[in-house]
Amino acid sequence: FFRASRELATSPPHRKRPNKMDQDWKPVVLTKKKPTGGMNGVPKSADAARRMGLQVDTVKKQGAGYNAQRMGKLENETEELSHAKVEGAVKKAIMQGRLAKKMTQAQLAQQINEKPQIIQEYESGKAIPNQQILSKLERILGVKLRGLK
């Protein structure tokens, strides 16, 4: 307490507040910057030009926003493209091997450190074959899976 009061006594005097008469009371006007250069006075859209009474020529673009040649090639494509799926012999071998070991899909998935959904997809034939997963299944089930058709 004693120290704080001594500091106040030795601090420089506060500035005087300016008198209201000393303040600047001129209005400040903010305006938008006017566009410079470019095509001033020329409308950007055809509709605006028509409204102003100007003559408008329009040209239809070929393809109208996309590459028509590429789209035509895609439409004319006859080859059916799809991913390779697990063969019927492979899915049967997985199911028979798992049942011979008396394992559930979840237990087999835990053995190979994969999700149960992966085993379900392989056994239903919906999975895209992965050589790493097939090798894990071969090791755990003791069945040859790669090379089966």
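Located above this text is the structure these notes cover.
Now for a look at the structure at hand. Not measured: the values here are computed from a predicted model. (Residues numbered from 1 in each chain as written. Predicted model: local features only at pLDDT ≥ 70, side-chain atom pairs only at ≥ 80, totals over all residues. Heavy atoms only, no water.)

### Looking at the packing of helix 4 (residues 88-100) against helix 7 (residues 131-141)
The axes of two packed helices give the description: the angle between them and the distance between them.
Consideration 1: Closest axis-to-axis distance for the helix 4/helix 7 pair is 10 Å, and the angle between their directions is 35°. Considering the relative orientation of helix 4 and helix 7, their crossing is left-handed. Between helix 4 and helix 7, the contacting residues are V90, I94, G97 and R98 on the first element and L134, L137 and L141 on the second.
Consideration 2: Among the residues making up the contact of helix 4 with helix 7, the classes are represented as 5 nonpolar, 1 polar and 1 charged. (Axes fitted to C-alpha atoms, helices over the stretch in contact; angles between N-to-C directions. Helix = DSSP H or I, 4+ residues; strand = E, 2+ residues; numbered from the N terminus. Left-handed = near helix turned anticlockwise from the far one by under 90°. Contact = heavy atoms within 4.5 Å. Nonpolar A, V, L, I, M, F, W, Y, C, P; charged D, E, K, R; others polar.)

### Quick word on the layout of surface pockets
Consideration 1: Space inside the largest pocket adds up to approximately 170 Å³.
Consideration 2: Looking at the largest pocket, it is lined by 13 residues, and the ones nearest its centre are E87, V90, P129, L134 and L148.
Consideration 3: Of the residues contributing to the lining of the largest pocket, the split by class is 7 nonpolar, 2 polar and 4 charged. (1 Å grid on protein atoms, 1.4 Å probe; cavity = no way out; pocket = protein on both sides within 12 Å on 5 of 7 lines; lining within 4 Å. Points joined across faces, edges and corners; volume = space filled by probe spheres on them.)

### Regarding helix 7
Consideration 1: Residues I133, L134, L137, E138, I140 and L141 constitute the buried set of helix 7.
Consideration 2: Taken together, the buried residues of helix 7 touch helix 4, helix 5 (105-111) and helix 6 (116-124).
Consideration 3: Here helix 7 starts with a cap whose side-chain oxygen sits 3.0 Å from the backbone nitrogen of Q132, and that cap is N130.
Consideration 4: Of the residues flanking the end of helix 7, it is G142, one or two places downstream, whose phi is positive at about 70°. (Buried < 20%, exposed > 50% of the residue type's maximum accessible area, 1.4 Å probe, protein only. Polar contact = N/O pair within 3.5 Å; in protein donor to acceptor, adjacent residues only side chain to side chain.)

### Focus on unusual backbone geometry
Consideration 1: Of note in this structure, K102 is not a glycine but carries a positive phi near 55°.
Consideration 2: Within the secondary structure layout, K102 lies in the loop between helix 4 and helix 5.
Consideration 3: The exposed category is assigned to K102, whose relative accessible area is 74%.
Consideration 4: For N113, which is not glycine, the phi dihedral falls at a positive 60°.
Consideration 5: The exposure class assigned to N113 is exposed, which follows from its relative accessible area of 66%.

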